[in-house]
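This is what each chain is made of:
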Amino acid sequence: MQLLETNHLTKGFLSKKAVNGITLQIEKGKVYGLLGPNGSGKTTLMKMVAGLLHPSSGDIQIDGKPIGAETKKITAYMSTENFIYGYMSIKTVGKFFKDFYEDFRPQEFEKLIDYMELEMNMKVASLSTGMASKLKIAATLSRNSKLFMLDEPLNGIDLVAREKILNAIVEKANWDNTIIISSHLVDQMEKILDDVIFIKDGEVVLKGSAEVVREQRGKSIVDLYKEVYTSC
Amino acid sequence: MNFDTSMPIYLQIIHLLKKKLIKGEIEPGSKMPSTRNLAHHYTINPNTAGRIYKEMEREGLCFTKRGLGTFATDSKDKIEAIKQEIAAELIHNFTLGMNELGYSKSDMITIIKESEEL
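Residues numbered from 1 in each chain as written. Chains lettered and ligands numbered in written order. Predicted model: local features only at pLDDT ≥ 70, side-chain atom pairs only at ≥ 80, totals over all residues. Heavy atoms only, no water.

Novice: Which residues make up the environment of A:Val204, and what values do they have?
Specialist: With respect to the helices and strands, the residue A:Val204 is situated in strand β10 (residues 203-209). Distance in space between the C-alpha atoms of A:Val204 and A:Leu35 is 9.8 Å, their sequence separation being 169 residues. (Helix = DSSP H or I, 4+ residues; strand = E, 2+ residues; numbered from the N terminus.)

Novice: Pulling in residues and values, what's your account of the packing of aromatic side chains?
Specialist: Pairs of aromatic rings are described using the distance from one ring centre to the other and the angle between the two planes. Residues and elements named next belong to chain A. For the structure shown, the criterion picks out eleven aromatic pairs over all chains. Ring geometry for phenylalanine 198 against tyrosine 229: centres 5.9 Å apart, planes inclined by 20 degrees, an arrangement best described as stacked. On the criterion of sequence distance, the pair formed by phenylalanine 198 in strand β9 (residues 195-200) and tyrosine 229 in helix α9 (residues 221-230) is long-range, its members being 31 residues apart. Its guanidinium or amino end placed over the ring of tyrosine 101, arginine 143 lies 3.7 Å from that ring's centre, counting from NZ or CZ. Over the ring of tyrosine 115 we find lysine 164, and its NZ or CZ is 4.8 Å from the ring centre. (Phe/Tyr/Trp six-rings, centres within 6.5 Å; stacked < 30°, edge-to-face > 60°. Lys NZ or Arg CZ within 6 Å of the ring centre and 35° of its normal.)

Novice: Residue-level account of the pattern of salt bridges, with values.
Specialist: Residues and elements named next belong to chain A. Per the stated rule, a full pass over the model turns up 14 salt bridges over all chains. When the shortest N-O distance is used, the salt bridge between aspartate 63 and lysine 146 registers 3.0 Å. Of the two residues, aspartate 63 is situated in the loop between β4 (57-62) and β5 (65-66) and lysine 146 in the loop between α5 (129-141) and β7 (147-151); the sequence distance between them amounts to 83 residues. The exposure class assigned to aspartate 63 is partly exposed, which follows from its relative accessible area of 24%. Here lysine 73 and glutamate 70 are joined by a salt bridge, their closest N and O atoms 3.9 Å apart. On the criterion of helical spacing, the pair formed by lysine 73 and glutamate 70 is a turn pair, its members being three residues apart in helix α2 (residues 69-73). Assessed through its relative accessible area of 44%, lysine 73 is described here as partly exposed. The partly exposed category is assigned to glutamate 70, whose relative accessible area is 45%. Salt bridges here are not isolated pairs; linked through shared partners, they connect Glu27, Lys30 and Asp195. (Salt bridge = Lys/Arg side-chain N within 4 Å of Asp/Glu carboxyl O. Buried < 20%, exposed > 50% of the residue type's maximum accessible area, 1.4 Å probe, protein only.)

Novice: Please provide a residue-by-residue account of the domain arrangement of chain B, values included.
Specialist: Residue and element names in this part refer to chain B. When its domains are assigned, chain B resolves into domain 1 (9-74) and domain 2 (77-114). Between the C-alpha centres of domain 1 and domain 2 there is a distance of 28 Å. Contact residues are listed per partner, giving nine residues for domain 1 and seven residues for domain 2. Overall, the association of domain 1 and domain 2 removes approximately 720 Å² of surface from exposure, summing both partners, and the carbon and sulfur fraction of that is 82%. Of all residues in domain 1, His15, Lys18 and Ile22 give up the largest surface area on contact with domain 2, accounting jointly for 52% of the area buried on that side. At the surface where domain 1 touches domain 2, the tally comes to one salt bridge. The closest approach of N and O atoms between lysine 18 and glutamate 85, which form a salt bridge, is 3.8 Å. Here the side of domain 1 that touches domain 2 is built from residues that sort into four nonpolar, three polar and two charged. (Domains from an automatic or database assignment. Contact = heavy atoms within 4.5 Å. Buried area = accessible area lost by both parts, 1.4 Å probe. Nonpolar A, V, L, I, M, F, W, Y, C, P; charged D, E, K, R; others polar.)

What follows is the structure, encoded as structure tokens:
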């Protein structure tokens, strides 16, 4: 079952094409890795799917519908920016999200905050970089969305906590949702991925099941990543 | 757990589970964790966890009871067979490495007998 489809999707900023004719089919019930170096177009692609950027050309459909209020309801996007207000406490963040999103689950939020070793009375502005990242992930994963897009979820997270974050993502994955994770930390990521999508200069250069890619090419996703991106 | 990323992850976990069966850390006939718990335990994709049980079932190492979950095989013969299979593999790799160094079969036997590790 397909959840997301893009058709010759292009986004240009002045003369530069950040996304250049991407046609993708994303299925339900899978975890996708959107992999590529900085500036390859990962964020631009995600932002268009989230409805935050308007494509220059091409189209996007989520669950058969064009981007709009209906698709935003079922899409949870976590950007790399710190989008949570500093004056809020973690508890207020939970309330804010609950007001904002119909599919937000306060109990799940409480559990995740506990799991991430954060506390409800902490103030957002006082959080360290890593803690702020954990909070963003907890808030995003507390929604019951059909499509999750996590932009660089391991940024600013130490080695031990990375495993925790990955586990929280694995817990969230089920037959009914799709998770797209962008990252350049390929080695950490690859064990939780079903499929990988490599993008380079705004175009898809390789796409397929992580296991099949490993078997066919006889190398790890990390090695393949190095091969694809160092040759340019 | 750290994986060797050039080898399919499901095969690596199957190997691990086989060893646990042989060592008795997984009791014959006992209930195995759900795919979800397995995914959580090793931080792997849930679909990979599903594949692990499917593959093990095909090899006769576990079986599914409808509505109850997955269970480890209770056949002692089967467990003995995989033990020998893994042992044969280890011996093969060992002799291959020793042959490269120029040791003959009798040299190897002498070395093993004299080895302090045993």
